[in-house]
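Tertiary structure, described
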Amino acid sequence: MTDPLADADPVPYWLSQDGAPAPADPLVAGETADLAVIGAGYSGLWTALLAKERDPGRNVVVVEAGTAGWAASGRNGGFCSASLTHGFDNGLSRFPDEMDILERLGRANLDDIERTVDRYQINCDFARTGELVVATEPWQLREVTEYHASASARGLDVRLLDGPSVRAEVDSPTYLGGVWDRSGCAMVDPARLVWGLRRACLELGVRIYENSPVERITAAAAGLSLYTPRGRVDAAKVALATGAHASLLRRLHHYVVPVYDYALMTEPLSDAQLASIGWGNRQGIGDSGNQFHYYRLSADNRILWGGYDAIYYRDGRIAPEHDQRAATFRTLAEHFAQTFPQLAGVRFTHKWGGAIDTCSRFSGFFGTAHGGRLAYAVGYTGLGVGATRFGANVMLDLLSGRQTELTALKMVRRKPIPFPPEPVRSGVIELTRWSIARADRRGGRRNIWLRALDRAGVGFDS
Ligand SMILES: Cc1cc2nc3c(=O)[nH]c(=O)nc-3n(C[C@H](O)[C@H](O)[C@H](O)COP(=O)(O)OP(=O)(O)OC[C@H]3O[C@@H](n4cnc5c(N)ncnc54)[C@H](O)[C@@H]3O)c2cc1C
């Protein structure tokens, strides 16, 4: 049999599409701004856009180390979830008394993303298909049933599916049951969403500088100064939106580790191939193992197939060579074949990875530094496509100095538990990954280490 990965290009599918904007000029002089945003992924672009929408007269500059969306924002699965808490169960376990508010704010956030896509005519294939969470092992059935019970008790639009019903949606012999969250998630083309947000920012008068890494932040008379290799921005306020690349603010090193997640993209399926698996409702799909896969259709009927391995490289290095990992790609291809045996012979055209900003509570956290002149939002742990817009509003509220509904949230006021420093960090993460893989093989049974972490409210995920 031919190797389905033999011709796969080692680049993110989404970023290799037509339509990438020409890079903006780097910063080569002095600039001034009311608000300077560091980073042009979703987090930074939403912050700039919302700042202009709140106050069109505001002078806003974005400074990006590479090009807009080159990092996680342009290479993700494109699941744009209403969840602000890396899923309902994780939110419920950490913020039980705030969950109703967080769910309401998350739904409003997703609705607002949909409206923004319409308003600025962002062509990113936004489709509110919902998400299907499938059980592929008997112990996962218990988990999806419990998830359905607690989510439907809170009024979420979730439907419990038995084996035949879930296979009537998408036909895999591995499916034993599932839950369809019918409106809490949209599928997007991630790179086109970034490119559209970038264009919308420019149209509102935001000035964007690319290939301009900020190397240093210092206090200035009326705010902060950001230094790039050839220029400087003096800004009254700064929003730090650097995702997994958190080195500009040392305190974030305690809370965030870059964890690599990998994905494959198939060639477009023929009509007959698509008919063999159904998938007429085009939901995003995730299975419910601790090491989970996520997968979805693209607008031209490719399947993006990602997840499972979550790799932490020693010392937390983000490096181009980590974007490729042959062993993970092989594992993913094997699991794809087990899930969809009908698609034997389908080839993968792209394979890539990217760094996720993981924190121990799996959901974004927020704060200020430099006497309230800088705000940050980071730690989305693999579910930031939607939640970064919420985080952008949190940053703007924090910078305003006002008490708002968002700044009053425990989720905003509290920090995750920090990771230990290296070399203990690598050892702890390895032990946790090993324990998680073992739990998946042993009917979901968590060992003493995982139970201790659960009690402490600490975890490792992607
Ligand atoms: C393979 C993969 C699959 C994923 N799938 C999903 C998914 O399906 N759904 C979901 O919700 N989430 C998913 N995620 C996570 C999601 O992509 C992120 O949560 C989100 O993109 C984070 O956006 P961000 O703007 O905070 O970070 P980034 O997109 O990483 O952007 C940060 C930017 O800051 C810039 N920067 C860093 N340092 C500096 C500096 N010193 N000066 C100037 N600029 C700087 C970087 O160059 C970068 O462009 C996935 C991630 C990966 C890697």
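In what follows, the structure referred to is the one given above.
A word on the overall build of the protein chain. Per the secondary structure count, the protein chain includes 12 helices and 18 strands. Its C-alpha radius of gyration of 21 Å places the protein chain within 12% of the 23 Å reference for a compact globule of 462 residues. When the backbone C-alpha atoms are referred to their principal axes, the protein chain occupies close to 65 × 45 × 45 Å. Looking at the protein chain as a whole, 57% of its 462 residues are labelled buried. Of the contacts made within the protein chain by residues no fewer than 6 positions apart, 77% connect residues no fewer than 24 positions apart. In the structure as shown, the protein chain presents an accessible area of about 18,300 Å², 52% of it carried by carbon and sulfur atoms. The averaged location of the 52 negative side-chain charges in the protein chain is 6 Å from the averaged location of its 51 positive side-chain charges.

On to the site of the ligand, then. Taken together, 35 residues are adjacent to the ligand, and Glu 64, Trp 70, Ser 73, Phe 79 and Val 385 come closest. Gly 77 has a polar backbone atom sitting 2.9 Å from a nitrogen atom of the ligand. In the environment of the ligand, an oxygen atom lies 2.8 Å from a nitrogen or oxygen atom belonging to the backbone of Val 385. Against a free-state accessible area of 1,000 Å², the protein chains account for coverage of 96% of the ligand. By residue number, the principal contributor to the shell around the ligand is strand S16 (residues 348-358), which donates three residues. Looking at the shell around the ligand residue by residue, the class counts come to 18 nonpolar, 14 polar and three charged.

The interhelical angle for the contact between helix H11 (residues 424-441) and helix H12 (residues 448-456), taken along N-to-C directions, is 110°, at an axis separation of 9 Å. One way to sum up the angle between H11 and H12 is to call them roughly perpendicular. Considering only the axes of H11 and H12, their crossing is left-handed. Across the interface between the two elements, Val 428, Leu 431, Thr 432, Ser 435, Ile 436 and Ala 439 from H11 touch Trp 449, Leu 450 and Leu 453 from H12. Classifying every residue of the contact of H11 with H12 by side-chain character gives seven nonpolar, two polar and no charged.

Turning our eyes to something else, we now look at the sheet that holds strand S14 (residues 293-297). Pairing is mixed in the open sheet, where eight strands are placed in the order S5-S6-S4-S13-S14-S15-S12-S16. Only two strands of the sheet have a single partner each, and these edge strands are strand S5 (158-162) and S16. The average undirected angle you get between the axes of adjacent strands in this sheet is 20°. As paired elements, S5 and strand S6 (residues 177-181) share five bridges and run antiparallel to each other. Bridge pairing links Arg 159 to Trp 180 in S6.

Let's shift gears to the side chain of Asn 109. Inspection of the secondary structure puts Asn 109 in helix H3 (residues 99-119). With a relative accessible area of 3%, Asn 109 lands in the buried category. Non-local contacts of Asn 109, meaning those with residues more than four positions away in its chain, are made with Leu 84, Gly 386, Ala 387, Arg 389 and Phe 390.

Over its 21 residues, H3 runs 30 Å from end to end, which matches the ideal 30 Å to within 8%, given 1.5 Å per residue. Within the span of H3, buried status applies to Met 99, Leu 102, Glu 103, Leu 105, Gly 106, Arg 107, Asn 109, Leu 110, Ile 113, Thr 116 and Val 117. In the stretch just after H3, Gln 121 is the one whose phi turns positive, near 50°.

Reading guide: rules and limits
Within each chain, residue numbers correspond to sequence positions counted from 1 in written order. Where totals are concerned, whole chains, interfaces and linings use all residues; where local detail is concerned, this predicted model gives features only for residues with pLDDT of at least 70, and gives and counts side-chain atom pairs only at 80 or more. Think of the side-chain values as coming from all heavy atoms in the structure, minus any hydrogens and water. Strands here mean DSSP runs of E at least two residues long; helices mean DSSP runs of H or I at least four residues long; both are numbered from the N terminus. Here the globule rule is a power law, 2.2 Å times the number of residues to the power 0.38, and the radius of gyration is based on C-alpha atoms. The rule is simple: take the accessible area with a 1.4 Å probe, protein chains only, and divide by the maximum for that residue type; under 20% is buried, over 50% is exposed, in between is partly exposed. Residues are treated as being in contact if the distance between any of their heavy atoms lies within 4.5 Å. All accessibility values rest on the Shrake-Rupley procedure with a 1.4 Å probe; residue burial counts only the protein chains present in the view. Two residue types count as positive, namely Lys and Arg, and two as negative, namely Asp and Glu; His and chain ends fall outside the count. Charge placement uses NZ in Lys and CZ in Arg. For Asp and Glu, CG and CD serve respectively. Each residue is tested against the molecule or strand, and it is near if at least one of its non-hydrogen atoms lies within 4 Å. Polar contact is the term for a pair of N or O atoms within 3.5 Å; when the atoms are in protein, one must be able to donate a hydrogen and the other to accept it, and sequence-neighboring residues count only if both atoms are side-chain atoms. Think of it as three bins: nonpolar holds Ala, Val, Leu, Ile, Met, Phe, Trp, Tyr, Cys and Pro, charged holds Asp, Glu, Lys and Arg, and polar takes everything else, Gly as well. For helices, the axis comes from a line fit to the C-alpha atoms of the stretch in contact; other axes are also lines fit to C-alpha atoms, and the angle between any two N-to-C directions lies between 0 and 180 degrees. Angle categories: roughly parallel below 35 degrees, roughly antiparallel above 145, roughly perpendicular from 65 to 115, and oblique for all the rest. Rotating anticlockwise by less than a right angle from the far helix to the near helix defines a left-handed crossing, while the corresponding clockwise rotation defines a right-handed one. Strand pairing is assigned whenever DSSP detects at least two bridges linking the two strands. To estimate the expected span of a helix, subtract one from its residue number and multiply by 1.5 Å.

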